[in-house]
Amino acid sequence: MLAGGRKRKGTRAKKGGKGEGGSRLSTALPLALLPAKELLAEPAGGMRSAALRCKITEKAKKSLASLKRENPRVEPTLAIIQAHNDHSIQDINKNFAKEIGLHVIHICLPEGSSKDEIVNEILRLNEDPNVQGLALDLPESLYSSKVLNAVKPEKDVDGLSSVNLGRLVHGDAYNCLVPPTACAVMELLEDLGGKTVLLVGISGAVGAALQCMLQRDGAVTVSCQWKAPQLQTKLHHADVVVVGSTKPDDVPVSWIKPGTTIISCSRDLLSEKHNYGAPDHHAAENAVGSLAVAMRMQNMVKTTEQWIQSQQYRKWNLRCLKLQPLSPVPSDIEISRAQSPKAVDVLAKEIGLLADEIEIYGQTKAKVRLSLLERLKDQPDGKYVLVAGITPTPLGEGKSTVTIGLVQALTAHLNINSFACLRQPSQGPTFGVKGGAAGGGYAQVIPMEEFNLHLTGDIHAITAANNLLAAAIDARILHENTQSDKALYNRLVPVVNGVRGFSAIQLARLRRVGINKTDPGTLTEEEVSKFARLDIDPSTITWQRVVDTNDRFLRKITVGQANTEKGFFRQAQFDIAVASEIMAILALTTSLQDMKERLGKMVVANDKKGEPVTAEDLGVTGALAVLMKDAIKPTLMQTLEGTPVFVHAGPFANIAHGNSSVLADKIALKLVGETGFVVTEAGFGADIGMEKFFNIKCRASGLVPSVVVLVATVRALKMHGGGPNVTAGAPLKKEYTEENLQLVADGCCNLQKQIQIAQLFGVPVVVALNVFKTDSVAEVDLVCKIAKQSGAFDAVPCNHWSAGGGGAVKLAQAVEKAARQKNSFKYLYSLELPIVEKIRIIAQKVYGAQDIELSPAAQSQVDRYTRQGFGNLPICMAKTHLSLSHQPERKGVPSGFILPISDVRASIGAGFIYPLVGTMSTMPGLPTRPCFYDIDLDPITEQVKGLF
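Residues numbered from 1 in each chain as written. Predicted model: local features only at pLDDT ≥ 70, side-chain atom pairs only at ≥ 80, totals over all residues. Heavy atoms only, no water.

Novice: Break down the sheet that holds strand β1 (residues 77–82) for me, with residues and values.
Specialist: Strand order in the open sheet made by the three strands is β2-β1-β3, with parallel pairing throughout. Among the strands making up the open sheet, the edge pair consists of β2 (103–108) and β3 (133–137). For this sheet, the mean inter-axis angle between neighbouring strands, taken without regard to orientation, is 20°. Relative to β3, β1 is paired through five bridges, and the arrangement is parallel. Bridge pairing in β3 links glutamine 82 to aspartate 137. The sheet strands contacting helix α2 (residues 88–100) are β1, β2 and β3, and the helix crosses β2 at an angle near 165°. Contacting β1, β2 and β3, helix α3 (residues 115–126) crosses the sheet at an angle of about 175° to β1. (Pairing = 2+ DSSP bridges. Helix = DSSP H or I, 4+ residues; strand = E, 2+ residues; numbered from the N terminus. Axes fitted to C-alpha atoms, helices over the stretch in contact; angles between N-to-C directions. Contact = heavy atoms within 4.5 Å.)

Encoded structure:
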């Protein structure tokens, strides 16, 4: 097809294109790249131009209507920047746009605007997702390379950028937008084979495009200006003359030989001021202008179609990074540094993210915007895999490493799209005992120091939001205790610029307390008191300040001791930042609106009547949402083999629900495609993180897992079989470094129990045995045999730590097979059950307890939460991760124990009740020799040393 819809002789539309009236534009090559045109019987001129214009307009109208029917939420929009006072062109554009059903935004800049002002406006419109096309109507002096190339090529409906011209020259037909004026000229010309075409006064992008197109149609092209020497000779020998500017009076028409076709592209054509014609010339003046506008509209339809296609799911084009594993295996940070990660914008493009869907932090990290979920909402989800583990030693058994090794195997070795979704590590353990959480060996997220330190600041945002709320609580108590109702009300609702009014959040509080008024001056004294006083009971405050550091001396503190606080002091405490309810909300929220609502619902204390006081009552919800607006976006990173990873949220599993974010999982499931895999990890053993993943996270997300990968180590199984204590920082005893089949066999009871726990939820289980160099072949074989006999779908030894994804290929194959199995997923308990009964079900069915025992304080809290309407929330047990029981020293599978519930608290915003089992600290402490002894910074290279 020609740009105007005419077919050329001997050509076909490209395969997959549709004809006129179809739902897609033709994907045939643009006119500049096709063979010579067929001859037209009609003369070049106004009548033929009008016919072509009508045909092009009608085709554009049908194509656009079809696109709108198939994409009803899309309103194709063309933005036109004008910087002159001639509004005739503006009117023509509007009329054409209206005729075909196109929305036009006209930006009229003052005449005399500078190039920089034009470019600034272009850059703004480039980033506007509601604008699919951008055109320029500027004085000739402003059509510079700087201005033209500021327009995004995909929005350049005038086809004047260097990128579009380069595509035209190189024959990249499908991605090429041809200048509308050049298209109009070509439409008006007849068979050009062997003819000489003279371009007079046409330069720049349009001239270059015309020369390219004319030459490909077999014409001989000559270009010159009106003042050029030998102009008369050139005009006399030309078969076709195309003029781009007004003919000077001193150039007579007689210089043009009879029978010459003349086409004028002068700007003055639209006002029909000039006439180059003579009776024996085939003149086409007054024909190009409006035809070019029609061509511009057709280009706009093409850009709209391409924009719609760009919004669809994209097949991955991932370039994996090669690994060259060394033996012995170097330190984690040495391995990380030896690999050169891809630039994060390159990775994002490879996995189908659009440029406006990422916010880049440095070279290797980027936030991903939630708008992707709307764009891909019709895309089927991939398979959902959870990595859990047996009850671990204090050293951890490598769930993060298995997660990374598995996705590296799936994508880099089996060519299956996969995404790892991990929690952001707290800096408490990073500088304490455990170290970082980027995986290890040749199965890591890189750069590991950026992963483990600060990342994109999400935990700092949580800390700021949490502590703002804590400050608001104590400040409110102080102000209520030191002011009368009237004074308090006047400060809460002040007069500003002579006007007194409630803020939006104050109006919401009025409605919540049953006051249906909006004028601050109309409240009665009783209503003023009811609105202004929260009457917080300090003894019921459950909201604590947080810091992302292990600091045991903050476990109990006194606040308010300064004289300025007028004697209103109380005992309080700090929690570690990742224990904040705001962290749990971040991990469970499904949208920005949902997060804001959850933040407002957070219960921070009770009033003196026993009713809950929320963040919304304190008027701080909007401020908290502002602090969290960037933290809600998952962070994109990559593995050592260049496969994608989301890092988002980091609640602990023993004192919170221990899973990465719902949003990261949802976005990843869309990106991997229907046959891809998303692999996420739950903290600690299956009894802790996995149980909460199923009963809390899956309820919040509505997602159904396909497979559970249960990580075990020979080391941990020996411990459960009766081996000596394992202590972080101390050398392992010989029982762990020498073959001992009996210890392994005895310890497999814990593995069997964790498999049974997973089976309670109806999900297939694959056991991943994380192999250490001290494990014997016989020990590995024994574990795999017992695992399969205990109901695992498969059990596979893994060597990803030393070999990267290649060491987890068998695990990946087993997971892929297991994902095809029938899935009968179910929750462990109904939310309608009483709180105590839900606790009992978890204690008995998951932990193996005989029964539970609630302290009087715990029972009182249960009664209170039930009375307040919170009884139908899921349960998040705060329990030691080192045993199935509440006693860390009891290994294997303890039985016959009574599970003590010392207290019960509520995270109403996050949406769960959390009982405290025994004594649980929400603030870790530093050991005698913390990790920070080994962490250092090279002042020359700025490289971090000593992280692991």
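Novice: So what's going on with the layout of surface pockets? Residues and values would help.
Specialist: Over the atoms rolls a probe the size of a water molecule, and in doing so it shows where empty space is left. There is about 1,700 Å³ of room inside the second largest pocket. If you go around the second largest pocket, you meet 50 residues; those closest to its centre are Trp307, Ser310, Gln311, Leu354 and Arg375. Counting residues per element, the lining of the second largest pocket draws most heavily on helix α9 (residues 288–311), which supplies seven residues. Of the residues in the lining of the second largest pocket, the class split is 15 nonpolar, 15 polar and 20 charged. (1 Å grid on protein atoms, 1.4 Å probe; cavity = no way out; pocket = protein on both sides within 12 Å on 5 of 7 lines; lining within 4 Å. Points joined across faces, edges and corners; volume = space filled by probe spheres on them. Nonpolar A, V, L, I, M, F, W, Y, C, P; charged D, E, K, R; others polar.)

Novice: Quick one: what's the story with the pattern of salt bridges, residue by residue and with numbers?
Specialist: One pass over the structure, following the stated rule, counts 39 salt bridges. Ionic pairing is found between glutamate 397 and arginine 715, a salt bridge with its closest N-O pair at 3.3 Å. With glutamate 397 in the loop between β11 (383–389) and α13 (399–413) and arginine 715 in helix α25 (residues 714–720), the pair connects residues that are 318 residues apart, well separated along the chain. Residue classification places glutamate 397 among the buried positions, given a relative accessible area of 5%. (Salt bridge = Lys/Arg side-chain N within 4 Å of Asp/Glu carboxyl O. Buried < 20%, exposed > 50% of the residue type's maximum accessible area, 1.4 Å probe, protein only.)

Novice: Please set out the packing of aromatic side chains residue by residue, giving values where relevant.
Specialist: Summed over the entire model, instances satisfying the criterion amount to twelve aromatic pairs. With 5.5 Å between their ring centres and 65° between their planes, phenylalanine 502 and phenylalanine 531 make a pair best called edge-to-face. Remark: phenylalanine 531 occurs in helix α19 (residues 525–532) and phenylalanine 502 occurs in the loop between β16 (499–500) and α18 (504–512); sequence separation between them is 29 residues. As far as the burial class goes, phenylalanine 502 and phenylalanine 531 line up, both buried. Ring geometry for phenylalanine 694 against phenylalanine 825: centres 5.5 Å apart, planes inclined by 50°, an arrangement best described as tilted. A residue pair is termed long-range when its members are at least 10 positions apart, and phenylalanine 694 in helix α24 (residues 686–701) and phenylalanine 825 in the loop between α30 (809–818) and α31 (835–847) qualify at 131 residues. Here phenylalanine 694 matches phenylalanine 825 in class, with each residue buried. Between the NZ or CZ atom of arginine 699 and the centre of the ring of tyrosine 827, over which it lies, the distance is 4.2 Å. (Phe/Tyr/Trp six-rings, centres within 6.5 Å; stacked < 30°, edge-to-face > 60°. Lys NZ or Arg CZ within 6 Å of the ring centre and 35° of its normal.)

Novice: Describe in detail the sheet that holds strand β30 (residues 898–907), supporting the description with residues and values.
Specialist: Read across the open sheet, the three strands follow the order β29-β30-β31; overall the sheet is mixed. Strand pairing shows two members of the sheet lacking a second neighbour, β29 (851–854) and β31 (912–917), which therefore form its edges. Taken pair by pair, the neighbouring strands of this sheet meet at an average axis angle of 50°, ignoring direction. Pairing analysis gives six bridges linking β30 to β31, with the strands arranged antiparallel. Paired with arginine 905 across the strands is tyrosine 914, a residue of β31. Where helix α32 (residues 856–867) meets the sheet, it contacts β29, β30 and β31, and its direction lies at approximately 40° from that of β30.

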